[in-house]
Amino acid sequence: MTNISDAPTRLVLLGHPVSHSLSPIFQNAALKSAGISASYDALDVAPAALDGVLRDLARAGVAGNITIPHKEAVAEACFKRTDLAQRVGAVNTFWHEKGKLIGDNTDVAGARVAIAALINAPPAGGEQRDTKSPLRVTILGAGGAAAALLVALESFAPVAITVWARTRDRARAIAARVNIKVTIANDVNSAVADADLVINSTPIGLTGTDLPVAIAALKQSARILDLIPRAAETEWLRACRAQGHVCEDGMRMLIEQGAASFERWFHIVPDRASMWRSLR
Ligand code: NAP
């Protein structure tokens, strides 16, 4: 077994609910592949119990990840946050230094990789994007994932970004955190009409067959990223693919944010192939 001094021997994913999460599967595969003697479990923590659980984890030196609905609350609870976690306003990765809670946000790194893979993928027969004009991106939703997407999109400048969200105040709040111009849309169909890239960061489609936006509203050449990480694609992705759109689901972002978290905890690069294999 690899002996990495000061590395955690127990990792947890804190969320509510959390039992559906794929993180324990691929993180345990990465630990095994690296020969690290540590475990990674999902821990369902109701919001009222979060503070007490964080105190227990600090005493035991446990590190891990944070998911819905705790990312913003943990960002607030941290003794120190990385610049990225500060900018996104949410923490998805934590560890302890001298018993103090440190928070980072690796969703940004995951989103960068997923967006780059999608916009560089070959066209599926539709018109190609004019690479001299800004990349027009529409984000559906304005939660923690959307905040990470906005920070990630700064790396793809020039970009023209539109955010549509049912709670417009949340859209305004995340737009104010970035150094790029963001248009807040009223209507979801017109929000996507000109977009080269449409990203669903709502949970619509996670269960059931609802679509975040009608397929007919999309430009024919639009590329589609659905952040929902699901072994079987969502109804929206299935319908978009059937119409010839180049599509990507949430798995690449999920694996890449997890790989970046693993690097924070152990200071080594995980075996991504073992992570992907574990989810097949
Ligand atoms: P969040 O903070 O709860 O935000 C969710 C957003 O979706 C909010 O804007 C919310 O609007 C909106 N929304 C929820 N239900 C809706 C509905 N029925 N109609 C319209 N809008 C709706 O969640 P999050 O952390 O951003 O996560 C969002 C999604 O991204 C989840 O499915 C999550 O699994 C996925 N995700 C994937 C990855 C990955 O690595 N692949 C990483 C992070 C998140 P209100 O504010 O009005 O409620």
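The residue numbering used here restarts from 1 in each chain and proceeds along that chain's sequence as written. Reporting of local features is limited, given that this is a predicted model, to residues whose pLDDT is at least 70; pairs of side-chain atoms are given and counted only at 80 or more, and all residues count toward the totals for whole chains, interfaces and linings. Only heavy atoms go into the side-chain values, all of them from the structure, while hydrogens and water stay out.

A closer look at the overall build of the chain
Starting at the N terminus, helices and strands are each numbered in turn, a helix being any DSSP run of H or I of at least four residues and a strand any DSSP run of E of at least two. When helices and strands are tallied, the chain shows 11 helices and 12 strands. Note on method: radius of gyration uses C-alpha positions; expected globular size equals 2.2 Å times residues raised to 0.38. Taking 2.2 N^0.38 as the reference for a compact globule, 280 residues should give roughly 19 Å; the C-alpha atoms of the chain span a radius of gyration of 19 Å, in line with that estimate. Seen along its three principal axes, the alpha-carbon backbone of the chain occupies a region of about 55 × 40 × 35 Å. When burial is assessed residue by residue, the chain has 51% of its 280 residues classed as buried. For this analysis, residues touch if any pair of their heavy atoms sits within 4.5 Å. Nonlocal contacts in the chain, meaning residues at least 24 apart in sequence, comprise 67% of its contacts between residues at least 6 apart. Here the open area of atoms and residues is found with the Shrake-Rupley method and a 1.4 Å probe, where only the protein chains shown may cover a residue. For the chain, the accessible surface area stands at approximately 13000 Å², while carbon and sulfur atoms represent 50% of it. The rule is simple: take the accessible area with a 1.4 Å probe, protein chains only, and divide by the maximum for that residue type; under 20% is buried, over 50% is exposed, in between is partly exposed.

Quick notes on the side chain of Asp107
With respect to the secondary-structure elements, Asp107 resides in helix 5 (residues 107-119). Asp107 sits in the buried class, given a relative accessible area of 6%. Here a polar contact is taken to be a pair of N or O atoms separated by no more than 3.5 Å, where protein atoms must pair a possible hydrogen donor with a possible acceptor and residues adjacent in sequence count only if both atoms sit in side chains. Here Lys71 takes part through its side chain, which lies 2.7 Å from a polar atom of the side chain of Asp107. Non-local contacts of Asp107, meaning those with residues more than four positions away in its chain, are made with Lys71, Asn92, Ala148, Met253 and Gln257.

Some words on the site of the ligand
Being near a molecule or strand, for a residue, means having at least one of its heavy atoms within 4 Å of it. Around the ligand, a shell composed of 21 residues is seen, among which Ala142, Ala145, Arg166, Thr167 and Arg170 lie nearest. Thr167 is positioned with one of its side-chain polar atoms (N or O) 2.4 Å from an oxygen atom of the ligand. In the environment of the ligand, an oxygen atom lies 2.8 Å from a nitrogen or oxygen atom belonging to the side chain of Arg170. For the ligand, whose accessible area on its own is 920 Å², the fraction buried by protein is 80%. Listed by contribution, the elements that provide at least two residues to the shell around the ligand are helix 6 (144-153) and helix 10 (251-266).

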